[in-house]
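Summary of structural features
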Amino acid sequence: MARLDQTPFPADILDLSHDGRGVARRDTGKTVFIAGALPGEHVMAKQTARSRSFDEAVTLEVLDASPDRVDPRCPHFGTCGGCALQHLAESKQILAKQRVLLENLERIGHVSANALLPPLIDAAWGYRRKGRFSVRRVEKKGKTLVGFRERDPRFVADLSECHTVIPAIGVAMPALSALIDGMDGRRDIPQVEFIAGDATADHDGVALVFRHLQPLSESDRAALLAFAQAHRFALFLQPGGVDSVHPLWPADPQLSFRLPAWDIALKFRPLDFIQVNAGLNEKMIARTLELLDVQPGERVLDLFCGLGNFTLPLARVADEVVGVEGDSGLVARARENALHNGLPNAQFHAADLAQDLSGHAWMRAGFDRLLLDPPRSGADAVLKQLPLKGLKRIVYVSCHPASLARDAGYLVNERGWKLRAAGVMDMFPHTAHVESIAMFEP
């Protein structure tokens, strides 16, 4: 294969791609995606990859800057793959995401919403309370790197700080790197996961899970214990699969977060799914309940319910809520959470919502309103099986606009529903990730 032509070339940026790169055309007419460039800019770029239908490049110099360009806050921006949009003003990031949603609805679903909901935003920095850092010992640098993957995912970003993760984690990055670098098993730790809830008497609410491929030496366990106690982090070890996770310190750490508006506390385990942005999560729940508009005496079905993040607030207003989730561990925790919060009208079932559901009694129980919060793959399999007759409203919370658009197209064009309203929510500021919400009526 011919070598890449690395000669810098000028480019006029026409658009922003769905992953936050500038879109330009080469002289040949071929599309090129340019990292670090914004619409309306004139830049010098260098090609980094090519394929049959498009090229990829990186910005070398901005010759004519967009008025929406800002200085990235983080020194690692451009290398670290954790963020894609720090060079774009925050007020413009959410508008770019809104455009992605509307384009997806039109292009993939062939639908448009009757009303556009105002975007939901919250804190843009220090918001990320759950994530996974990669760990790699790099002999050339004489150190152990702890961070997100670089834009080139073969490499781990060498982070001295991170402004998007919660501050307790963001400022501890160098200490975490030094801790692992000083361990006998530093080459046997591929990742560290973090998750954060509310502080307790034992710890400050942050939990770390160290994955290790070989048993840890006594001195390594002692080093981890001292680190956990010094930072008041709950620390867990994971020698094998998810079921192998166990606490190192404290002996029995309790993890939970409150939803004050509904007087609910949600307990969770360190590898459970929780919404990444706590402040945005509360606003998202409030909007979801507002859009569902549950009336007295009504029954609600909450699919892909997880720990009960939406189910339990719904149980405060509905006669009965049934939550269904594929992960049986999450279902067990959701039941505990219902009991713990005194909500006997919230019931939970475990079911793989991508499979045949005809054998499940809850499918035929009859509901007034439906809430969906599926993974990236969307909810088409379950929507095609559900008896939608009798439902007054469907609210769909989405983490992937393309699957929402596909499912909206199905509901509107094949089942005769109306897409009444849709809007975006900035769950992951400075990234290209688009979280959205849509409301349908028969």
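Bear in mind that the values here come from a model prediction, so they are computed numbers and not experimental data. (Residues numbered from 1 in each chain as written. Predicted model: local features only at pLDDT ≥ 70, side-chain atom pairs only at ≥ 80, totals over all residues. Heavy atoms only, no water.)

**A few points about the overall build of the protein**
- Along its length, the protein carries nine helices and 22 strands.
- Against the globule reference of 22 Å for 442 residues, the protein gives a C-alpha radius of gyration of 24 Å, in line with a compact fold.
- Expressed along its principal axes, the backbone C-alpha trace of the protein runs to roughly 65 × 60 × 40 Å.
- Per-residue burial for the protein yields a buried fraction of 53% across its 442 residues.
- The long-range share in the protein, meaning contacts at least 24 apart out of those at least 6 apart in sequence, stands at 63%.
- Within the structure as shown, the protein displays about 19400 Å² of accessible surface, and the carbon and sulfur contribution to it stands at 52%.
- Put simply, the protein has 51 plus and 54 minus side-chain charges, and the middle of one group is 3 Å from the middle of the other. (Helix = DSSP H or I, 4+ residues; strand = E, 2+ residues; numbered from the N terminus. Rg over C-alpha atoms; globule rule 2.2 N^0.38 Å. Buried < 20%, exposed > 50% of the residue type's maximum accessible area, 1.4 Å probe, protein only. Contact = heavy atoms within 4.5 Å. Areas by Shrake-Rupley, 256 points an atom, 1.4 Å probe, with all protein chains shown as cover. Lys, Arg positive; Asp, Glu negative; His and termini not counted. Charge placed at Lys NZ, Arg CZ, Asp CG, Glu CD.)

**Describing the pattern of salt bridges**
- Under the definition given, this model contains 29 salt bridges.
- Between Asp368 and Lys392 there is a salt bridge, with its nearest N and O atoms 3.5 Å apart. Remark: Lys392 occurs in the loop between α8 (380-383) and β20 (393-398) and Asp368 occurs in the loop between β18 (346-350) and β19 (369-372); sequence separation between them is 24 residues.
- On the basis of relative accessible area, Asp368 is assigned to the buried category, the value being 19%.
- One connected set of salt bridges, linked through shared partners, spans Arg137, Glu139, Asp181, Arg186 and Arg187. (Salt bridge = Lys/Arg side-chain N within 4 Å of Asp/Glu carboxyl O.)

**Some words on the environment of Leu372**
- Relative to the assigned elements, Leu372 resides in strand β19.
- Taking the C-alpha atoms as reference points, Leu372 and Ala65, 307 residues apart in sequence, are found 41 Å from one another.
- Sequence-distant contacts of Leu372, defined by excluding residues within four places in its chain, comprise Leu303, Phe304, Ala379, Val382, Leu383, Ile394, Val395, Tyr396 and Val397.

**Overview of the sheet that holds β19**
- Judged by pairing direction, the sheet is mixed, and its eight strands sit side by side in the order β7-β21-β22-β20-β19-β16-β17-β18 without closing on themselves. The two strands at the open ends of the sheet, each matched to only one other strand, are β7 (115-116) and β18.
- Both β20 and strand β22 (residues 435-441) contribute to a ladder of five bridges, which runs antiparallel. Looking at β22, one finds that Val395 is bridged to Met439.
- This element, helix α7 (residues 328-340), spans β17 (320-325) and β18 of the sheet and lies at about 170 degrees to β18.
- In this fold helix α9 (residues 401-414) packs onto β20, β21 (418-425) and β22, with an angle of close to 160 degrees to the strand it touches most, β20. (Pairing = 2+ DSSP bridges. Axes fitted to C-alpha atoms, helices over the stretch in contact; angles between N-to-C directions.)

**Notes on the packing of aromatic side chains**
- According to the stated counting rule, one finds five aromatic pairs in the structure shown.
- When the ring of Phe257 is compared with that of Phe268, the centres are 6.0 Å apart and the planes differ by 45 degrees; the resulting orientation is tilted. Remark: Phe268 occurs in the loop between β15 (264-267) and α5 (278-292) and Phe257 occurs in strand β14 (residues 256-259); sequence separation between them is eleven residues. The burial state of Phe257 is the same as that of Phe268; both residues are buried.
- Between Arg151 and the ring centre of Phe77, over which it is positioned, the NZ or CZ distance is 5.3 Å. (Phe/Tyr/Trp six-rings, centres within 6.5 Å; stacked < 30°, edge-to-face > 60°. Lys NZ or Arg CZ within 6 Å of the ring centre and 35° of its normal.)

**A closer look at empty space enclosed by the protein**
- A complete count under the given rule lists two cavities of 30 Å³ or more for this structure.
- Space inside the largest cavity adds up to approximately 100 Å³.
- Along its surface, the largest cavity is lined by 13 residues, and Cys74, Cys80, Cys83, Gln86 and Cys162 are the ones closest to its centre.
- Residues of the lining of the largest cavity, tallied by class, amount to seven nonpolar, five polar and one charged.
- Lining the second largest cavity are Leu16, Ser17, His18, Asp19, Gly20, Leu85, Ala96, Lys97, Arg99, Val100, Ala432 and Val434.
- At four residues, the largest contribution of residues to the lining of the second largest cavity is made by helix α1 (residues 90-107).
- Its residues assigned to classes, the lining of the second largest cavity shows six nonpolar, three polar and three charged. (1 Å grid on protein atoms, 1.4 Å probe; cavity = no way out; pocket = protein on both sides within 12 Å on 5 of 7 lines; lining within 4 Å. Points joined across faces, edges and corners; volume = space filled by probe spheres on them. Nonpolar A, V, L, I, M, F, W, Y, C, P; charged D, E, K, R; others polar.)

**What about the UniProt feature "active site" (unreviewed entry) in the protein?**
- Feature annotation in UniProt places "active site" (unreviewed entry) on Cys399, given in this structure's numbering.
- Of note, Cys399 is situated in the loop between β20 and α9. (UniProt positions renumbered as here; feature names shortened; annotations may be inferred.)

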